[in-house]
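# Overview (structure and organization)
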Amino acid sequence: MDAEQIDLVVMRYLKNKGFDSAAKDLEKALHHNNGSSFNSIDYHNDPELSKLIRSFSQSEDHPTRYRESYSKLRSWAYNSLDLYKHELLRVMYPVFIHCYMDLVGKGHTQEARAFFNSFRKDHEMIHLRDLQKLEGVLTPSHLEEMEFARALRQSKVNIKICQYSYDLLLQYLHRTESTLMLGIINEHVNFQVYSGQPTSASDDIEAVTIVGSFQDTANHINQKEIQWGLLEDSLDDRLEKGGLLSDSEKGQGESKDGDMDDSKKRSTEVGKQGSSIKKLKKDKAGNATAKVARQETSTAPLAPRVKPELALPVMSTDVEESILEDLRNRVQLSSVAMPSVSFYTFVNTHNGLNCASISHDGSLVAGGFSDSSIKVWDMAKIGQAGSCSLQGENDTNDQIGGPNGRRNYTLLLGHSGPVYSATFSPPGDFVLSSSADTTIRLWSTKLNANLVCYKGHNYPVWDVQFSPFGHYFASCSHDRTARIWSMDRVQPLRIMAGHLSDVDCVQWHPNCNYIATGSSDKTVRLWDVQTGECVRIFIGHRSMVLSLAMSPDGRYMTSGDEDGTIMMWDLSTARCITPLMGHNSCVWSLSYSGEGSLLASGSADCTVKLWDVTSSTKLTKAEEKNGNSNRLRSLRTFPTKSTPVHALRFSRRNLLFAAGALSKPES
């Protein structure tokens, strides 16, 4: 490139970047010198500077420079030492998407599509949904019109990286004169550099976060004060004030339970399972185990007490006494005192089961099907019939499942579309269901009839959940909203709007003052039920959030996503305490044990996993100091033969129930 070409490139560059006054000064200087070269200190005499200018010229004129530069950076990162490779690869995704959007913005549609298709496989495992959205960005106007693309262009990505990895990256970019990659990284990436050795690859989920206008909004919202404690004068509060029974009294209570089992119709922690559970309790109540369990529960600080914002229903005396009896006889679980698991398997469903739900005592199991039906099984009746499987859709075995040729389930018909969610009221006397027909229906398990049809959502309703005290319930939908209802009103009491995509799951806080929602926009939000305002936004998931659970003391929340990642959050700070990595498919259900020491997760990978919550929360401060976030502790995995886990629930006595539909393995 001769001197005149360099002058033209510099002139064009200054004008394109808006440096009009500098361009005029350069033009005057060239005219004054009659186009001749400047003196010895000008850019013509600096070979390195000439190379830099030439690279700018090539990047401006040739879209293939994006592909070449990215390909070289990618090869260098993948060929780096294993110790630093995973940190260097974190940079590749933001560079990839901005290279693509830059090509689209400059009108190079064909080159952009070729670039996207060549390298998309590198990022599909973690960012599949984002890539599917980016596929629709084909013209410069799409960059302005599509909210997702506009948000990416306006935001930056925070990447945690050790000092040595950061130095390696800069050395490569300067040594290879990769000005195009350097410009993209400089404009769209914020590096959070720390000293010491690189973190493990398992920390990648926390190491890359998007910042920008949305993050600023989330930070502002997360400054709001929330009351995460338990309700004053609740049953748990009364039990704590009255004191827990001693081990000897607890043993007497268990023996009394054995005598009372025959008189309880709707409890599966009785009858045939009673003897095995009593043995389990005796085993778990051994001296060493009991001491450890008592130590773990006694060291946990008591949750603060708050007043209810909703007018809560009055609980009947019989129901209250039954719950208190269960709480008094609850088995204390810990990392050394594991629960017994009862798994209910649906058979002959022909892939028609969309959801499952288990009542609080495990006595009733409901399934929602794609043929718009709901089926409820009474486990006491199944036990009497000598059957242990739950028959599903129309099948000869299904029709003759009970004694005397009768069906062994109750069929509830009323929806006109697939049923996506079902939930039991705390006493088990009602069932709520939501459907693709945009409605929610209330059913009586005593009358086996539909009582109310609630209409308000405009699109399919993905989830519905009763509040911990009954009467109120929350729903969420494809219309991007969540709504709060009461059983005695056909219109919603509150509408929570703010998510950017489908709201896929909803969960109540134990004190009923808040609900949490998980969305396809990869965020979880916490809402105040009295005002309808969003008071927390939790950012960190890489895919749609499918399940939520609240700790019994109301301090922590856990969320599971489509990729199998589980994240545990502190509600007061909105920070992720620890990611729990272990599942390799969708996490469909989460449940805390009664005292909150264990977390159970059920997944489409056909496993139930138990996690030690106590150790995860205890180690937070120490590990934050040394930068190690490997706090997860998976205690045990319960595999099924071929049954994805649709539902989980710890009973009040800490027996773990799970349910799923048997699926035929692919041949």
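Every value quoted in this text rests on a predicted model; they were computed, and no experiment measured them.

## Details of the overall build of the chain
Summing up its helical and strand segments, the chain has 23 helices and 33 strands in all. Taking all 667 residues of the chain together, 51% fall into the buried category. Taking contacts inside the chain between residues at least 6 apart in sequence as the whole, the part at least 24 apart equals 58%. Surface accessibility of the chain: about 31200 Å² in total, with carbon and sulfur atoms responsible for 49%.

## Structural notes on the UniProt feature "repeat: WD" (unreviewed entry) in the chain
Within this structure's numbering, the places UniProt gives as "repeat: WD" (unreviewed entry) are residues 346–379, 412–444, 454–495, 496–537, 538–579 and 580–621. A helix fraction of 3% and a strand fraction of 56% characterise residues 346–379, whose end C-alpha atoms lie 13 Å from each other. The span residues 412–444 is 0% helical and 58% strand by assignment, and the distance between its end C-alpha atoms comes to 10 Å.

## Brief notes about the pattern of salt bridges
Pairing is possible between side chains that carry opposite charge, provided their charged atoms lie close to one another. Applying the stated criterion across every chain yields a total of 13 salt bridges. Between Arg74 and Asp122 there is a salt bridge whose closest N-O contact spans 2.4 Å. Taken as a pair, Arg74 in helix H4 (residues 64–78) and Asp122 in the loop between helix H7 (109–119) and helix H8 (124–134) lie far apart in primary sequence, 48 residues in all. A relative accessible area of 27% means that Asp122 is categorised as partly exposed. A salt bridge links Arg153 to Asp102; the nearest nitrogen and oxygen atoms lie 2.9 Å apart. Of the two residues, Arg153 is situated in helix H10 (residues 147–154) and Asp102 in helix H6 (residues 92–105); the sequence distance between them amounts to 51 residues.

## Description of the sheet that holds strand S22 (residues 523–528)
If you walk across this open sheet you meet the four strands as S20-S21-S22-S23, and the pairing is antiparallel. At either end of the open sheet lies a strand with only one pairing partner, and these are strand S20 (503–508) and strand S23 (534–539). Between one strand axis and the next, the sheet turns through 20 degrees on average, direction left out of account.

## So, the nonpolar core
Formed by 39 residues in total, the largest nonpolar core has its most connected members in Leu73, Tyr100 and Met181. Examining the composition of this core, we find that 10 residues originate from one element, H6, more than from any other. Once you skip the residues sitting within four places of it in the chain, Met181 turns out to touch Tyr66, Ser69, Tyr70, Leu73, Val95, Cys99 and Leu173. Residues Leu310, Ala474, Val503 and Val529 belong to the second largest nonpolar core, which totals 18 residues.

## Overview of H8
If you check which residues of H8 are buried, you get His127, Asp130, Leu131 and Leu134. For H8, the angular spread of the buried residues around the axis is 110 degrees, confining them to a single face. Taken together, the buried residues of H8 touch H6, H7 and H10.

## A short note on the packing of aromatic side chains
In this structure the tally under the stated criterion is 19 aromatic pairs. On the basis of an interplanar angle of 65 degrees and a centroid distance of 4.8 Å, the ring pair of Tyr70 and Phe119 is categorised as edge-to-face. Taken together, the residues Tyr70 in helix H4 and Phe119 in helix H7 connect sequence positions 49 residues apart. Given a relative accessible area of 0%, Tyr70 falls into the buried group. Every member of this aromatic cluster is reached through a ring pair, and the members are Tyr70, Phe96, Tyr100, Phe115, Phe116 and Phe119. Above the plane of the ring of Phe369 lies Lys375, whose end atom (NZ or CZ) is 4.8 Å from the centre.

## Notes on unusual backbone geometry
Positioned with a positive phi, Cys512 is a non-glycine residue whose angle comes to about 65 degrees. Classification of Cys512 by relative accessible area gives buried; the value is 1%. The phi dihedral of Cys606 is positive, around 70 degrees, even though this residue is not glycine. Turning to its location among the elements, Cys606 is positioned in the loop between strand S29 (598–603) and strand S30 (607–612). Taking relative accessible area as the criterion, Cys606 reaches 15% and is therefore assigned buried.

## Topic: H6
For H6, built from 14 residues, the straight-helix expectation of 20 Å at 1.5 Å per residue is met to within 8% by its first-to-last C-alpha distance of 20 Å. Of all 14 residues making up H6, 13 are buried, and the element is well covered by its neighbours. Positive backbone phi, at 85 degrees, marks Gly107, one or two positions downstream of H6.

## Examining the environment of Pro552
Relative to the helices and strands, Pro552 is located in the loop between strand S24 (545–550) and strand S25 (556–561). By relative accessible area, Pro552 is classed as partly exposed at 28%. Considered as a pair, Pro552 and Ser593 are 41 residues apart in the sequence and their alpha carbons are 7.9 Å apart. Among residues more than four places away in sequence, those in contact with Pro552 are Leu230, Pro510, Tyr592, Ser593, Gly594, Glu595 and Gly596.

## Quick look at the sheet that holds strand S28 (residues 587–592)
Reading across from one edge, S28-S29-S30-S31 is the order of the four strands in this open sheet, with antiparallel pairing throughout. Two strands close off the open sheet at either side, each with one partner strand: S28 and strand S31 (634–639). Strand-to-strand twist across the sheet, computed as the mean angle between neighbouring axes with direction ignored, equals 20 degrees. Taken together, the five bridges between S30 and S31 define a ladder with antiparallel strand orientation. Note that in S31 the partner of Trp611 across the bridge is Ser634.

## Describing the environment of Ala114
By secondary structure assignment, the location of Ala114 is in helix H7. Along the chain, Ala114 and Tyr100 lie 14 residues apart, while their C-alpha atoms are 9.6 Å from each other.

## A word on the side chain of Asn513
In this structure, Asn513 sits in the loop between S20 and strand S21 (514–519). What makes Asn513 buried here is its relative accessible area of 2%. Look past the residues within four positions of Asn513 in its chain and what remains in contact with it is Leu231, Val306, Lys307, Pro308, Glu309, Leu310, Trp527, Asp528 and Val529.

## Quick word on the packing of H6 against helix H12 (residues 179–188)
Taken N-terminus to C-terminus, the directions of H6 and H12 make an angle of 105 degrees; their axes are 10 Å apart at the nearest point. With respect to each other, H6 and H12 are oriented roughly perpendicular. On H12, the residues touching Val95, His98, Cys99 and Asp102 of H6 are Met181, Ile184, Ile185 and His188. Classifying every residue of the contact of H6 with H12 by side-chain character gives five nonpolar, two polar and one charged.

## Comments concerning the environment of Leu413
You can see Leu413 is positioned in the loop between strand S11 (410–412) and strand S12 (419–424). Residues Leu413 and Ala449, spaced 36 residues apart in sequence, show a C-alpha to C-alpha distance of 8.6 Å. Not counting the four nearest positions on each side in its chain, Leu413 is found in contact with Ser373 and Trp443.

## Details of the packing of H4 against H7
Closest axis-to-axis distance for the H4/H7 pair is 10 Å, and the angle between their directions is 15 degrees. When the axes of H4 and H7 are compared, the pair comes out roughly parallel. The two elements H4 and H7 meet at a crossing, and its hand is right-handed. Side by side, H4 and H7 meet where Tyr66, Arg67, Tyr70, Ser71 and Arg74 of the first sit next to Ala114, Phe115, Ser118 and Phe119 of the second. Tallied by class, the residues present in the contact of H4 with H7 amount to five nonpolar, two polar and two charged.

Reading guide: rules and limits
- Residues numbered from 1 in each chain as written.
- Predicted model: local features only at pLDDT ≥ 70, side-chain atom pairs only at ≥ 80, totals over all residues.
- Heavy atoms only, no water.
- Helix = DSSP H or I, 4+ residues; strand = E, 2+ residues; numbered from the N terminus.
- Buried < 20%, exposed > 50% of the residue type's maximum accessible area, 1.4 Å probe, protein only.
- Contact = heavy atoms within 4.5 Å.
- Areas by Shrake-Rupley, 256 points an atom, 1.4 Å probe, with all protein chains shown as cover.
- UniProt positions renumbered as here; feature names shortened; annotations may be inferred.
- Salt bridge = Lys/Arg side-chain N within 4 Å of Asp/Glu carboxyl O.
- Pairing = 2+ DSSP bridges.
- Axes fitted to C-alpha atoms, helices over the stretch in contact; angles between N-to-C directions.
- Core = buried A, V, L, I, M, F, W, Y, C linked by side-chain atoms within 4.5 Å.
- Arc of directions from axis to C-beta.
- Phe/Tyr/Trp six-rings, centres within 6.5 Å; stacked < 30°, edge-to-face > 60°.
- Lys NZ or Arg CZ within 6 Å of the ring centre and 35° of its normal.
- Expected span 1.5 Å × (residues − 1).
- Parallel < 35°, antiparallel > 145°, perpendicular 65-115°, else oblique.
- Nonpolar A, V, L, I, M, F, W, Y, C, P; charged D, E, K, R; others polar.
- Left-handed = near helix turned anticlockwise from the far one by under 90°.

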